[in-house]
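Reading the structure
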Amino acid sequence: MRKTKDFNPTNCAVTYCLNIIGGKWKPVIIHLIRNQTNRYSLMMKAIPEISKQTLTNQLREMETDGIIERIIFAEVPPRVEYKMTSHGMTLLPIIDAMKIWGRKNMAGNMSSDKLDTR
């Protein structure tokens, strides 16, 4: 269960948004799913620092919040993919703004050859 799900003492829109996409991994997961890294195993490879349990919890929370959709393919072995919902797509400008801000501000902290251009 998410710790901050209902925490919004001042009915603040920013707090509400952070309750949905806040944390260390959700923006990264959203970015990956958006770029077609949409299977659990691919996400685990793309984010080696995340634990299996954390990835599972984050995906479940975003599914519960209507940000992503879990699609199960009736194959042997079963295949599961995630995709952004139309509601989740409304978060992409926020993720884009975070990426632009990060690139701009990383430049002062890293040499240009080390910048990630994703």
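Residues numbered from 1 in each chain as written. Predicted model: local features only at pLDDT ≥ 70, side-chain atom pairs only at ≥ 80, totals over all residues. Heavy atoms only, no water.

Below, the discussion takes up the packing of aromatic side chains. Considering all chains together, one arrives at zero aromatic pairs under this definition. The ring of Phe 73 has Arg 79 sitting right over it, with the charged end atom 3.8 Å from the ring centre. (Phe/Tyr/Trp six-rings, centres within 6.5 Å; stacked < 30°, edge-to-face > 60°. Lys NZ or Arg CZ within 6 Å of the ring centre and 35° of its normal.)

This part takes up the pairing of strand E2 (residues 79-84). With six bridges connecting them, strand E1 (residues 68-73) and E2 associate as antiparallel partners. For Ile 68, the partnering residue across the bridge sits in E2 and is Met 84. From the end of E1 to the start of E2, which pair antiparallel, there are five residues. (Pairing = 2+ DSSP bridges. Helix = DSSP H or I, 4+ residues; strand = E, 2+ residues; numbered from the N terminus.)

This part covers the side chain of Glu 81. In this fold, Glu 81 is placed in strand E2. On the basis of relative accessible area, Glu 81 is assigned to the buried category, the value being 17%. For Glu 81, the side chain forms a polar contact with the side chain of Arg 79, separated by 2.7 Å. Sequence-distant contacts of Glu 81, defined by excluding residues within four places in its chain, comprise Asn 38, Arg 39, Glu 69, Arg 70, Ile 71 and Phe 73. (Buried < 20%, exposed > 50% of the residue type's maximum accessible area, 1.4 Å probe, protein only. Polar contact = N/O pair within 3.5 Å; in protein donor to acceptor, adjacent residues only side chain to side chain. Contact = heavy atoms within 4.5 Å.)

Right, let's get into helix H1 (residues 13-21). Taken residue by residue, H1 has Asn 19, Ile 20 and Ile 21 as its buried positions. Those residues of H1 that are buried lie in contact with helix H2 (26-34) and helix H6 (92-106). The first or second residue beyond H1 is Gly 23, which carries a positive phi of 110 degrees.

In the segment running from Val 76 into Pro 77, the intervening peptide bond is cis, with an omega of -5 degrees. For Gln 36, which is not glycine, the phi torsion reads 70 degrees and is therefore positive. Tracing the chain through its elements places Gln 36 in the loop between H2 and helix H3 (40-46). Residue Gln 36 is classed as exposed on the basis of its relative accessible area of 57%.

Right, let's get into the nonpolar core. Residues Ile 29, Ile 30, Ile 33, Met 43, Leu 59, Ile 67 and Ile 68 are the most contacted members of the largest nonpolar core, which totals 21 residues. At the level of secondary structure, the elements contributing two or more residues to this core comprise H1, H2, H3, helix H4 (52-64), E2 and H6. Of all the elements, H2 adds the most residues to this core, at four residues. (Core = buried A, V, L, I, M, F, W, Y, C linked by side-chain atoms within 4.5 Å.)

To continue, consider the packing of H1 against H2. Following both chains from N to C, one finds H1 and H2 inclined at 65 degrees, their axes separated by 8 Å at the closest point. Our classification of the angle between H1 and H2 gives roughly perpendicular. Residues Asn 19, Ile 20 and Ile 21 of H1 touch H2, and the partners they reach there are Lys 26, Pro 27 and Ile 30. Residue classes in the contact of H1 with H2 are distributed as four nonpolar, one polar and one charged. (Axes fitted to C-alpha atoms, helices over the stretch in contact; angles between N-to-C directions. Parallel < 35°, antiparallel > 145°, perpendicular 65-115°, else oblique. Nonpolar A, V, L, I, M, F, W, Y, C, P; charged D, E, K, R; others polar.)

What follows concerns the packing of H2 against H4. It is at 11 Å that the axes of H2 and H4 come closest, and there the two elements cross at 75 degrees. Classified by the angle their axes make, H2 and H4 are roughly perpendicular. Contacts from Lys 26, Ile 29, Ile 30 and Ile 33 in H2 reach Leu 55, Gln 58, Leu 59, Glu 61 and Met 62 in H4. For the contact of H2 with H4, the class distribution of residues is six nonpolar, one polar and two charged.

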